Amino acid sequence: MRPKRARAEQEEDKPQAAEVVMEEVDVKSPPVVVEAAKPKARGLSKCSKCKSRLARKGCCQLACLQCCSDQDCEGHAESREKQKYHDDLLNCNTEIANMAKRQRYLALMPHSYREPGFVYSQQTIKIWDVREFMANPKWKEDAIRKSEKRRARLTTAKTPLKISRKRFRTFMDDWYTASIKESEKQAL
């Protein structure tokens, strides 16, 4: 590179054919980047115990929330209340969560009752009225017929049991004799 003086001298030596008109142009300088000042810590200083977090302004120990051991600290009262609320939310100890627990405790197992209207225990619903039931002759006759059928089944419940045992024994005997005959055929 040539020094600036040498260039300037060379330009003066060159013949100039026409006069050059120079105009002054207002050139704006590029914007100056100014670093934004860090926001002040609102009068807060470093924690006196851990020296890493900011201390709360109203704290009597000049400590952060984690290092402050005074439970009645005015500076951390609001933060402790928020922390307790968040812990209660995570542990499901809020009033709404407790009401939901009680409601889930009262819930009945599905199909534990034939009536689908029973969803929670300690519910009261009117299923039917006896006067209404007896006033309808179809319902009344159907109930009487079903109860007579149930009574007849209960009184004769012992005989089918004996018959089924006898049937089982005869079946097992037949099966045993068939297996013996088959083993004799294979031996021959």
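Residues numbered from 1 in each chain as written. Predicted model: local features only at pLDDT ≥ 70, side-chain atom pairs only at ≥ 80, totals over all residues. Heavy atoms only, no water.

## Some remarks on the pattern of salt bridges
Stated formally: Definition used for salt bridges: Asp or Glu carboxyl oxygen within 4 Å of a side-chain nitrogen of Lys or Arg. Helix numbers and strand numbers start at the N terminus; a helix is a DSSP run of H or I with at least 4 residues, a strand a run of E with at least 2. Note on exposure labels: buried denotes an accessible area under 20% of the residue type's maximum, exposed denotes more than 50%, and partly exposed covers the range between, all computed with a 1.4 Å probe on protein chains only.
For the coordinates displayed, the defined rule picks out five salt bridges. A salt bridge links D142 to R145; the nearest nitrogen and oxygen atoms lie 2.4 Å apart. Residue D142 and its partner R145 are both found in helix α5 (residues 137-155); the two are separated by three residues, about one turn of the helix. A relative accessible area of 27% places D142 in the partly exposed class.

## What about the packing of aromatic side chains?
For any pair of aromatic rings, the description consists of the separation of the ring centres together with the inter-plane angle of the planes. Let me state the cut-off plainly: Only centres within 6.5 Å qualify two rings of Phe, Tyr or Trp (six-membered ring in Trp) as a pair; their planes then separate them into stacked at under 30 degrees, edge-to-face at over 60, and tilted for everything else.
Summed over the entire model, instances satisfying the criterion amount to one aromatic pair. A ring pair is formed by F133 and W139, whose centres lie 6.2 Å apart and whose planes are at 25°; its orientation type is stacked. A residue is classified by how much of its surface remains accessible, and F133, at 25% relative accessible area, is partly exposed. Taking relative accessible area as the criterion, W139 reaches 44% and is therefore assigned partly exposed.

## A word on the environment of N98
Test applied: Note on contacts: a residue pair qualifies if any of its non-hydrogen atoms lie within 4.5 Å across the two residues.
Positionally, N98 belongs in helix α3 (residues 95-106). Owing to a relative accessible area of 28%, N98 belongs among the partly exposed residues under this scheme. Discounting residues that sit within four places of it in the chain, N98 has contacts with C92 and N93.

## Here's the deal with the confidence of the model for the protein
Here is the rule: Per-residue confidence from the prediction method is given by pLDDT, with values spanning 0 to 100.
Averaged over all residues, the pLDDT of the protein equals 76, while 71% of them reach at least 70. Considering only residues more than four positions removed or in separate chains, one finds that residues 36-41, a stretch of pLDDT under 50, has one contact.

## Digging into the side chain of R80
Here is the rule we go by: This count recognises Lys and Arg as positive and Asp and Glu as negative, with His and chain-terminal groups excluded.
Tracing the backbone shows R80 in helix α2 (residues 77-90). No salt bridge is formed by the buried R80. Its closest oppositely charged neighbour is D70, at 6.9 Å. Once residues within four sequence positions are removed from consideration, R80 is found in contact with L65, C68, D70 and Q71.

## Here we look at α2
The condition is simple: Expected helix span is taken as 1.5 Å per residue step, with the number of steps being one fewer than the number of residues.
Its 14 residues give α2 an end-to-end C-alpha distance of 20 Å, which sits within 8% of 20 Å, the value for a rise of 1.5 Å per residue. At the C-terminal side of α2, C92 shows a positive phi close to 55°.

## Digging into a positive patch on the surface
Condition: The patches described consist of residues with a relative accessible area above 30% and no salt bridge, like charges being joined within 9 Å and nonpolar side chains (Val, Leu, Ile, Met, Phe, Trp, Tyr) within 5 Å. Here the open area of atoms and residues is found with the Shrake-Rupley method and a 1.4 Å probe, where only the protein chains shown may cover a residue. In this description, the location of a charge corresponds to atom NZ of lysine, CZ of arginine, CG of aspartate or CD of glutamate.
Taken together, the side chains of K149, R150, R151 and R153 make up a positively charged region of the molecular surface. Along the chain, the position of R151 falls in helix α5.

## Some remarks on the nonpolar core
Within soluble globular proteins, side chains that are nonpolar tend to cluster in buried spots. We apply this condition: Take the buried residues of types Ala, Val, Leu, Ile, Met, Phe, Trp, Tyr and Cys, join any two whose side-chain atoms come within 4.5 Å, and each joined set is a nonpolar core.
Listed in full, the seven residues of the largest apolar core are C47, C59, A63, C64, C67, C68 and C73. Setting aside residues up to four positions removed in sequence, C59 forms contacts with C68, C73, G75 and H76.

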